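As a plain string of letters, each chain reads:
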Amino acid sequence: MKNRILPLILLILALLIPLAFNARPSIVAYINLAMIYAVSTVGLNLLLGVAGQISLGHAAFMGIGGYTSAILMMRYGVPSVISVLAGGLLAGFFGLVIGFPALRLKGFYLAVATMALGTAVTDVIKRMEVLGGDSGLTNVPSITILGYRFSSEFSKYYLYLAILLLSIFLTNNLLKSKTGMAFRAMRDSEVAAKVFGINVSYYKVLAFVISSFLAGVAGAMYAHSLSYLHPDMFGFGLSIEFLAITIIGGIGTLWGPVLGSALWVIVPRLFGAKLEAMAGVLFGVILILVVLFLPRGLSELIMRLNRLFKTKEGEQI
Amino acid sequence: MFNLIIRGLATGSIYSLTAVGIVLILSTTNVMNFAQGDTGMFLTYIAFFFIVRGLTPSLALPLVIVAAAILGYLVYKGLISRAKESSYMGMMIITLGLTMIFEGTVSTFFGNIPLLFPPLVPGDPVRFGSVILDRQDILCLVTALVVFVILSFVLYRTKIGIAARSIADDEYAARVLGIPIDRVHSFIWATSFGLAGLAGIMTAPRLSLHPLFMVVVQLKAFTAAVLGGMNSVTGAIWGGLILGVMENLVAYYVPAIKESFSLFLIVAILLFLPNGLFGSREAGRS
Amino acid sequence: MLRVIDLTTGYGPVEVLHEVNLDFEDANIVTVLGANGAGKSTLIRTVSGILKPWKGSILFGDNEISHMDTSQIAKLGIAHVPEGRHIFPNLTVKENLLLGGYFRTDDENKETLDHVLELFPLLKERIGQKGGNLSGGEQQMLAIGRGLMAKPRLLLLDEPSLGLAPILVSEIFETVKRLAQHEKVQVLLVEQNARKALDISDIGYVMVLGRVVLSGTSDELSKNPEVRKLYLGGQNV
C-alpha cells in the first residue's frame, strides 16, 4: 500500500506546485529550468551510469537539438512537436557519429575525445552565420501545440513535467528491457559482456544515440524557453555541469537526475545574486565529497533516510 | 613567415608546459587531470593579487612556482591521496570538481570581467634585422627551455626523478622495492602545478585574465599530449611546439579552421595514431 | 633470522594463508614449494610488506615487521625480487639497479653497483640498454642484481625460474647458490621447480592451499615419497 500512496501524493503535489507559486512566476521559471536540466541528465545518466561510457561533450547535443528546433520553427514554420523531435533526432544522429570513436576509446581517452568533439561542435556553430554565428539566435518562438502557445512559465511547467515524466517512464522501461541489461553488463565488465554474446559495439553506440536524443530534446526545450541561443551556452563548462549533476544526484539511479537538477538550479538562488559564484565552489566541493564518500549521491542519501521509513524510494537500478 | 614560426613556438611552449604537467600526473599517478588549466588560472590570479598591490611583475614567476608547489602538495595530500579507492573515473571527476572550485573562487573574489595582466617583462619588441620578436614571446621560449632542461635533469639524474619514471613504468615493482610512492606522487603533483602556474602567467598577458582563460589552453595542451603519445614527456614537449607552430600557420593561411583544427586533430590521433608521434608503449586505451 | 609465526592473511574477504609457520634458523637458503595457488607468493608479499597480515607475526631478527610498510622493511635489509621479474622496461639497466639501492647513499650505491656488475658481467655489458630489451634470463639476473643493490640480509626470491628455458634456470640457481654462500645473504626461495630448489636449499617447506603441510631439511624432503610423487615425479601439478 505504501508503495502506491507515496508516488501518488508526490504526483499530486507536483501538479499543484505552480498554483502555489502563482504570484512568483520567477520561481516556477527556475523549476522549469531544473526540469529541462533533468531531461538532459536522464540522458547522460543513461550513458554514464548505466552503460558506463564517459562523455564530456553532452552539452553539445543540447546545442544541436536547440538550434535545430529553433531554426525549423523560425525559418520553416515546422510545428513544434515535430521540430522538437527533429532536434532530438538530429542530436541522436550526431550521437551515432560520436558513438563510433567511442568504440575504440575507453576511459580517459574517450573523455578527452568527447571533450574535443563537444567543443568542436560549438566552434562550428559559431562559424555558421546561418545559425546566427557569434551573435546568437534571438526571438526563438515558444512551443506551440495545436494552437496553444506555451509561453507562460505556468503552462511550460506542465508541458515540461509531462516530458520529464515521460522520459523517466521510458527510461525505466528501457532499463528493465534486454537493452537495459546489456547496458549494465557492459558497464560492469565489457569482457564478460562479450563473453556472454552481447554485441557491445551495438549497445555502446545505442547508448550514445539515446542519451544524445534526450539531450537534443532538452536543448529544444531550452531554446524555446529562453528564446535566445548562443554557441557559448553549450560548451565544455555546461558539459561538466551535467556530469556533476548526474553524479551528485546519484549515478545510475532512477531519480538521480531529478534530485541533482533540483539541487543545481535551486541552490544558487539561495545564495542570492552576489554570491552566485560561490555556488560553483559549493558544487565542486559537493561533487568531490560525493565521489569520495557517497557514491550514489543524493539518491543514496534519500535511500538511507527512507530506510528509516521503510519504503522503496530511490531504488538503485 | 619566420615571425609566425617564432610566435608559434612561443604559444607552443605554453601548450608544452601544460601538456607536460598533464602527462607527468597521468603517467605516474594515473589521473587524467582536467584541472591543469584552471590550476594555472587560479595561481595566476594569486599572482595578480600581489601585482596590483605592488609586486614587480617579473617576480610573479618565482611567486607562482612557490605557490604552485604548496598548492600541489596540499591538493595531493588532502585530496588525491585520499581518493585511492576511487576508480579512474572518480579521480577524473574529482579534478573536474577542482575546476569548479577554482573558477567559483576566482569569480567570487575578482568577478567575471576580463582583467588586464601586465607583461612580465616590460619593453618594446626587439629587432633582429628583419625579424621582430615580442619580449613576452622570448620570455616564453626561454622559460620553457630552462624549465625543460631542469625537468630533464630531475627526471634522469636525480633519485626522485628516476623513481617517478619507474613508477610510471611499473608501480608494483616500485612498491616492491620499497620506493616511497606517496612522496614521489606529492613531488609530481607539486611539479605539475608549478608547470600549470608558469603556463598561466605566460598566457595572461596575451589573453587577459578571466576565470575561463585557461580552458582553451588546456584543450590545446590535451591535443599536444595526445600528439606526443600521452605517456611521454618528450612527446608532450614536441607536441606542444608543433601544435603551436601549426596553429599559427593554419591561422594565417586558412583562418576559417583555426580553432577547430586542433580539436579534430585530437580525435583523429586518438583513433588512428594512438601512440601519437612519440609514444613508445601501448599507452593503455582502457 | 626470519621467523613467521601463525601467519594468516588474504585478499579482500578471501583467506589465503592459514596459520603458516616458518623458521629460518641458521639455514642459508630456505625454499617454499607448492603448486599454483598454494599461497607461496602471498607469503612473500606478506613478508615484504605489500600485504598486511590478519593474524600472526613476522620476526626479522629482533624486529616485529608484520605491520611495517614496504619502505621500512626494505631499509631493514629485506629485498624482494618479485614473481615475473618486474624490471622497469623503459629504464636502463643502470637505472634499474640504482633504484634497488634507493635508500642508500650515492657513494654506497656506486660501490655496490661495481660489485653487482662483477657478479653479473652480463649486466655490465648491457649497462646502458633499456630493461625491456633484455631477454628473459637477463631480466631475471637484473631483478636479482637489483635486489642485491640494497645489500640485503634476506633476499626473497619469488619463482625465479618462471618462464625461463632450462639452461637459464640452471644458471640462475647456480648464481643464487653462490650468492648465498659468498654474499652473506640468506635466501627465501619460492619455487614451483621443486627439484632445482631442493638441490640448492638447506631447509624446505611444502605448502598446499595456504597451509604448510610438510617441512624438513631439503635432503629429507627430496627423499620423501609424497614429495617425490607430487613434485619431483615429472609434472609439477
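Above: the structure in question.
Now for a description of the structure that goes with this document.

Cut-offs and rules
Residues numbered from 1 in each chain as written. Chains lettered and ligands numbered in written order. Predicted model: local features only at pLDDT ≥ 70, side-chain atom pairs only at ≥ 80, totals over all residues. Helix = DSSP H or I, 4+ residues; strand = E, 2+ residues; numbered from the N terminus. Rg over C-alpha atoms; globule rule 2.2 N^0.38 Å. Contact = placed C-beta atoms within 7 Å. Expected span 1.5 Å × (residues − 1). Buried ≥ 20, exposed ≤ 12 C-beta atoms within 10 Å, placed from the backbone. Pairing = 2+ DSSP bridges. Axes fitted to C-alpha atoms, helices over the stretch in contact; angles between N-to-C directions. Core = buried A, V, L, I, M, F, W, Y, C linked by C-beta atoms within 7 Å.

### Some points on the overall build of chain A
In terms of helices and strands, chain A carries 13 helices and four strands. The C-alpha atoms of chain A give 19 Å as radius of gyration, which agrees with the globular expectation for 317 residues (20 Å, within 12%). Referenced to the eigenvectors of the C-alpha coordinate spread, the extents of chain A come out at roughly 50 × 45 × 40 Å. Residue pairs in contact within chain A that sit at least 24 positions apart in sequence constitute 77% of those at least 6 positions apart.

### Observations concerning helix α12 (residues 276-293) of chain A
Compared with an ideal rise of 1.5 Å per residue, which puts 18 residues at 26 Å, α12 of chain A spans 26 Å between its outermost C-alpha atoms and is within 8% of the ideal. Among all positions in α12 of chain A, only A277, A279, G280, V281, F283, G284, I286, L287, I288, V290 and V291 of chain A are buried.

### Description of the sheet that holds strand β3 (residues 29-33) of chain C
Residues and elements named next belong to chain C. With respect to topology, six strands assemble into an open sheet ordered β6-β7-β8-β3-β9-β10, the strand pairing being mixed. The strands lining the two open edges of the sheet, one partner per strand, are β6 (78-81) and β10 (211-217). With strand direction ignored, the average angle separating the axes of adjacent strands in the sheet is 15°. Relative to strand β9 (residues 203-208), β3 runs parallel, the two sharing four bridges. Among the inter-strand pairings, T31 is bridged to a residue of β9, identified as G204. The sheet strands contacting helix α1 (residues 40-48) are β3, β6, β7 (154-158), β8 (186-191) and β9, and the helix crosses β7 at an angle near 150°.

### Examining the interface of chain C and chain B
Contacts between the two partners involve 19 residues from chain C, matched on the other side by 15 residues from chain B. Those elements that place two or more of their residues in the side of chain C that touches chain B are α2 (70-76) and α3 (93-100) of chain C.

### Some details on the interface of chain B and chain A
With 36 residues of chain B in contact, the opposing surface of chain A contributes 34 residues. Counting residues per element, the side of chain B that touches chain A draws most heavily on helix α4 (residues 88-110) of chain B, which supplies 17 residues.

### Some details on the environment of V187 of chain C
All names here are of chain C. Mapping V187 onto the fold places it in strand β8. Judged by local crowding, V187 falls into the buried class, with 26 C-beta atoms found within 10 Å. Residues V187 and K40, spaced 147 residues apart in sequence, show a C-alpha to C-alpha distance of 14 Å. Beyond its immediate sequence surroundings of up to four residues, V187 is in contact with N28, I29, L155, L157, V176 and A180.

### What to know about the nonpolar core
Grouped together as the largest cluster of nonpolar side chains are 276 residues, with contacts concentrated most on V39, V112 and L287 of chain A. With 16 residues, helix α9 (residues 200-226) of chain A is the single largest residue contributor to this core. Once residues within four sequence positions are removed from consideration, L287 of chain A is found in contact with A244, I247 and I248 of chain A together with I93, G97 and M100 of chain B.

### Re the environment of G111 of chain B
Residues and elements named next belong to chain B. Residue placement: G111 occurs in the loop between α4 and β1 (126-128). Accessibility expressed as a C-beta count within 10 Å gives 12 for G111, which makes it exposed. Measuring from C-alpha to C-alpha, the distance between G111 and T143 comes to 30 Å, with 32 residues separating the pair along the chain.

### Some remarks on unusual backbone geometry
Trans is the prevailing form of peptide bonds, just as negative phi is the prevailing case for residues other than glycine. Residue and element names in this part refer to chain C. Positive phi is not limited to glycine here, since E25 has a value of about 50°. Considering the arrangement of structural elements, one finds E25 in the loop between β2 (14-23) and β3. The phi torsion at K151 lies on the positive side, around 50°, for a residue other than glycine. Here K151 is to be found in the loop between α6 (136-148) and β7.

### A closer look at helix α11 (residues 256-271) of chain A
Residue and element names in this part refer to chain A. Helix length check: α11 (16 residues) gives 23 Å between terminal C-alpha atoms against 22 Å at 1.5 Å per residue, within 8%. Along α11, the positions that sit buried rather than exposed are G256, P257, V258, L259, G260, S261, A262, L263, W264 and V265. A positive backbone phi angle near 85° is found at G272, which sits one or two residues after α11.

### Concerning the sheet that holds strand β1 (residues 2-11) of chain C
Residues and elements named next belong to chain C. As summarised here, the arrangement of the four strands in space is β2-β1-β4-β5, forming an open sheet in which the pairing is antiparallel. Looking at which strands have only one partner, the edges of the open sheet turn out to be β2 and β5 (63-64). Both strand β4 (residues 55-60) and β5 contribute to a ladder of two bridges, which runs antiparallel. Bridge assignment links L59 to a residue of β5, and that residue is E64.

### So, the arrangement of the chains
Contacts between protein chains span two pairs of chains, and they are most numerous for chains A and B. The two units chain A and chain C remain apart, with a minimum C-alpha distance of 19 Å.

### A few points about the pairing of β2 of chain C
Sheet faces and side chains relate simply in a regular strand, where the side chains alternate between the two faces. Residue and element names in this part refer to chain C. Where β1 meets β2, six bridges bridge the pair, whose relative direction is antiparallel. From the neighbouring strand, V4 faces β2, where its bridge partner is L22. Linkage of β1 to β2, two consecutive antiparallel strands, is achieved through a turn of two residues, within which G12 is found at a positive phi near 60°.

### Considerations on the pairing of β10 of chain C
As judged from the six bridges shared by β9 of chain C and β10 of chain C, these two strands associate in the antiparallel manner. Each residue of the ladder has a partner; that of V206 of chain C, found in β10 of chain C, is L214 of chain C.

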